[in-house]
Protein chains: 2
Amino acid sequence: MEVKLVSNLLEANDLLARKNRENFRQRGLFVINLMSAPGAGKTTILEKTIRALSGEIRIGVVEGDIVGTRDAERVQRLGVPVVQINTGGACHLDAGMIARALEDLNLEGLEMLIVENVGNLVCPAEFDVGEDAKVMVLSVTEGHDKPGKYPLMFRESRVLLVNKTDLLPFTDFDMAEMEKDVRGINPAMVIFPMAAKRGEGIEPWANWLKDQAHKKRNQGF
Amino acid sequence: MEVKLVSNLLEANDLLARKNRENFRQRGLFVINLMSAPGAGKTTILEKTIRALSGEIRIGVVEGDIVGTRDAERVQRLGVPVVQINTGGACHLDAGMIARALEDLNLEGLEMLIVENVGNLVCPAEFDVGEDAKVMVLSVTEGHDKPGKYPLMFRESRVLLVNKTDLLPFTDFDMAEMEKDVRGINPAMVIFPMAAKRGEGIEPWANWLKDQAHKKRNQGF
């Protein structure tokens with residue numbers, strides 16, 4: 001009975017996700033769903049990415065948080081259009097929340113939409129919001145055992161941003177071990193190491209985004 | 001309809017939690033529910049706590065993870081009884097899972113039970129498992145903005161373990177700011193800073209646990 005309901009919820013979500021995806025396709029808008037555990041550095045990465053692509057790609061942002069508007073305020077300071085979703089208690093964004101948020105965000109002229117999900121390494125991976133790519137962040141301070149413990153997130157994501165590499169010398173994080181575990185779950189995963197707060201490693205990732213956005217745009221016309 | 005079901009789920013959980021709590025009360029067993037975001041250091045803290053209380057308090061452990069037995073294996077090496085729960089997809093432990101796990105754990109002679117929840121700063125706080133105290137870990141690498149973003153976890157927990165303080169010099173974590181935000185949500189919260197991997201700050205926390213276990217034991221008889 002319980003499982004049945006979850007399945008219905010996910011089916012209902014997939015229906016709304018398809019609508020979002022069709023909306024994005026028609027506009028040639030490239031959309032990423034940015035996920036991680038709390039405090040892995042999603043918002044900092046977002047800030048640095050927006051700066052790196054400033055003047056090249058017009059970006060809009062949807063911020064997801066349980067409560068509050070801190071992250072949306074940080075992003076707004078960079079002059080990009082942003083909408084904050086407060087989920088109340090819910091530990092993830094779903095396609096319906098994104099559809100409602102887009103009523104308050106003018107997509108006209110935008111080339112990329114970045115959805116920053118609620119900080120959670122479990123549930124967000126289950127909910128398609130209509131994105132082109134799920135992107136996850138793992139900070140090295142969380143430990144290299146995470147792929148084996150949260151496999152769905154690593155399986156569903158196309159890109160892994162390994163953040164806070166400047167703290168590597170002070171942890172026992174084993175990059176090779178982590179990559180081996182990732183390859184066992186998701187052989188095609190694209191991995192970008194970075195130290196976002198210092199701005200290190202942002203460029204290759206920003207270039208990947210730019211390429212993807214251009215491809216999507218060209219398909220749309 | 002959806003909210004109604006969640007409410008029923010939580011009501012059903014509370015019923016089972018009361019049964020667990022009565023079981024623990026009769027045994028004079030002190031029980032903590034240890035929660036945090038992924039990678040904050042719960043298992044390391046658990047290992048160091050077990051070592052610190054070795055020969056003083058007989059501890060049993062319930063390990064909660066989505067998949068795998070890594071954490072249970074780490075704990076088992078210390079010679080304490082441990083049961084691993086795999087939640088499948090579920091992002092939190094509930095009272096029913098604990099009740100089932102206890103069928104495989106001999107509580108006879110134990111004085112303390114430590115439940116290590118799934119790494120998640122959201123949902124575990126909603127599910128009472130019958131514990132005496134919810135204890136949360138925040139690692140300084142997650143940032144000091146977490147109380148405002150995940151208030152339920154900070155409100156529900158009696159104790160906050162601020163971990164990885166050895167990394168403070170390499171972050172912009174503002175301890176005073178974090179404490180101010182915590183006090184606004186949970187004025188009575190007991191805070192222990194620690195660098196668990198180095199074993200720093202474990203003693204005051206272990207002493208607190210010992211006091212609580214003795215109190216519970218004396219109430220039980």
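Up top you'll find the structure we're talking about.
Residues numbered from 1 in each chain as written. Chains lettered and ligands numbered in written order. Predicted model: local features only at pLDDT ≥ 70, side-chain atom pairs only at ≥ 80, totals over all residues. Heavy atoms only, no water.

## Structural notes on the overall build of chain A
When helices and strands are counted, chain A shows 8 helices and 7 strands. Relative to the globule expectation of 17 Å for 221 residues, the C-alpha radius of gyration of chain A, 17 Å, shows essentially globular dimensions. Seen through its C-alpha atoms, chain A measures out along the principal axes to roughly 50 × 45 × 35 Å. Taking as baseline every contact in chain A between residues at least 6 positions apart, the subset at least 24 positions apart corresponds to 73%. (Helix = DSSP H or I, 4+ residues; strand = E, 2+ residues; numbered from the N terminus. Rg over C-alpha atoms; globule rule 2.2 N^0.38 Å. Contact = heavy atoms within 4.5 Å.)

## Focus on the relation of the copies chain B and chain A
Relative to chain A, chain B is turned by 180° and slid 0.0 Å along the rotation axis, the superposed coordinates differing by an RMSD of 0.0 Å. Taken together, the rotation and translation relating the two chain copies correspond to the operation of a two-fold axis. Looking at chain B, 100% of its interface residues are interface residues in chain A too, so the copies touch through the same face. (Least-squares fit on C-alpha atoms with pLDDT ≥ 70 in both.)

## Some details on helix α7 (residues 175-185) of chain B
Residues and elements named next belong to chain B. Along α7, the residues that are buried comprise Met178, Asp181 and Val182. Along α7, the residues classed as buried sweep out an arc of 100° about the axis, all on the same side. Residues of α7 that are exposed and point more than 90 degrees away from the buried face comprise Ala176, Lys180 and Gly184. (Buried < 20%, exposed > 50% of the residue type's maximum accessible area, 1.4 Å probe, protein only. Arc of directions from axis to C-beta.)

## Quick word on the pattern of salt bridges
Residues and elements named next belong to chain B. Throughout the structure, instances matching the rule amount to 32 salt bridges over all chains. Arg217 is paired through a salt bridge with Glu111; the nearest N and O atoms lie 3.9 Å apart. With Arg217 in helix α8 (residues 202-220) and Glu111 in the loop between α4 (95-102) and β4 (112-116), this residue pair connects regions lying 106 residues apart in the sequence. What makes Arg217 partly exposed here is its relative accessible area of 26%. (Salt bridge = Lys/Arg side-chain N within 4 Å of Asp/Glu carboxyl O.)

## Some thoughts on the interface of chain B and chain A
Between chain B and chain A, the residue contacts involve 34 residues of the former and 34 residues of the latter. Between chain B and chain A, a total of about 2,800 Å² is buried, with carbon and sulfur atoms accounting for 58% of that surface. When residues of chain B are sorted by the area they lose upon contact with chain A, Pro38, Arg70 and Lys149 of chain B head the list and together hold 21% of the total. For the pair chain B and chain A, the interface holds 8 salt bridges. Lys149 of chain B is the salt-bridge partner of Asp71 of chain A, the closest N and O atoms lying 2.5 Å from each other. At the surface where chain B touches chain A, the tally comes to 13 residue pairs in polar contact (both at pLDDT 80 or more). Contributing elements (two or more residues each) for the side of chain B that touches chain A: α1 (2-27), α3 (70-76) and α5 (146-149) of chain B. The residue makeup of the side of chain B that touches chain A, split by class, is 14 nonpolar, 6 polar and 14 charged. (Buried area = accessible area lost by both parts, 1.4 Å probe. Polar contact = N/O pair within 3.5 Å; in protein donor to acceptor, adjacent residues only side chain to side chain. Nonpolar A, V, L, I, M, F, W, Y, C, P; charged D, E, K, R; others polar.)

## Focus: the nonpolar core
As a rule of thumb, nonpolar side chains are buried together in soluble globular proteins. Grouped together as the largest cluster of nonpolar side chains are 46 residues, with contacts concentrated most on Leu160 of chain A together with Leu160 of chain B. When residues of this core are traced back to their parent elements, those giving at least two are β5 (133-139), α6 (151-156), β6 (159-163) and α7 (175-185) of chain A together with β5 (133-139), α6 (151-156), β6 (159-163) and α7 of chain B. Each residue touching Leu160 of chain B, except ones within four places of it in the same chain, is listed here: Met136, Leu138, Phe154, Met178, Val182, Met189, Val190, Ile191 and Phe192 of chain B. (Core = buried A, V, L, I, M, F, W, Y, C linked by side-chain atoms within 4.5 Å.)

## Concerning the side chain of Asp65 of chain A
Position of Asp65 of chain A among the secondary structure elements: in strand β2 (residues 59-65). Given the relative accessible area of 5%, Asp65 of chain A is considered buried. Aside from chain neighbours lying at most four places away, what touches Asp65 of chain A is Asp71, Gln84, Ile85, Asn86, Thr87 and Val118 of chain A together with Lys149 of chain B.

## Comments concerning empty space enclosed by the protein
Overall, the coordinates contain 1 cavity of 30 Å³ or more when judged by the stated rule. Quantified by volume, the largest cavity comes out at close to 50 Å³. Lining of the largest cavity is provided by 14 residues; of these, Pro38, Ser139 and Glu142 of chain A together with Pro38 and Glu142 of chain B occupy positions nearest its centre. Counted by class, the lining of the largest cavity contains 4 nonpolar, 6 polar and 4 charged residues. (1 Å grid on protein atoms, 1.4 Å probe; cavity = no way out; pocket = protein on both sides within 12 Å on 5 of 7 lines; lining within 4 Å. Points joined across faces, edges and corners; volume = space filled by probe spheres on them.)

## With respect to unusual backbone geometry
Residues and elements named next belong to chain A. A positive phi is found at Lys164, a non-glycine position, where the angle reads about 65°. Inspection of the secondary structure assignment puts Lys164 in the loop between β6 and α7. Judged by relative accessible area, Lys164 falls into the buried class, the value being 13%.

## Considering the pairing of β5 of chain A
All names here are of chain A. By the criterion of burial, β5 is predominantly enclosed, with 7 of the 7 residues buried. Burial along β5 is two-sided: the face carrying Ala133, Val135, Val137 and Ser139 and the face carrying Lys134, Met136 and Leu138 are both buried. Summarising the sheet, strand β1 (residues 30-36) and β5 pair through 5 bridges and their orientation is parallel. Bridge assignment links Met35 to a residue of β5, and that residue is Met136. Where β5 meets β6, 5 bridges bridge the pair, whose relative direction is parallel. Bridging from a neighbouring strand, Ser139 pairs with Asn163 of β6. (Pairing = 2+ DSSP bridges.)

## Description of the sheet that holds β4 of chain B
All names here are of chain B. Strand order in the open sheet formed by 7 strands is β3-β2-β4-β1-β5-β6-β7, with parallel pairing between adjacent strands. Two strands close off the open sheet at either side, each with one partner strand: β3 (82-86) and β7 (190-193). The average undirected angle you get between the axes of adjacent strands in this sheet is 20°. Where β6 and β7 come together, 4 bridges link them in parallel fashion. Along β7, the bridge assignment pairs Val159 with Val190. Across the sheet, α4 lies against β2 (59-65), β3 and β4, angled at about 140° from β3, the strand it touches most. (Axes fitted to C-alpha atoms, helices over the stretch in contact; angles between N-to-C directions.)

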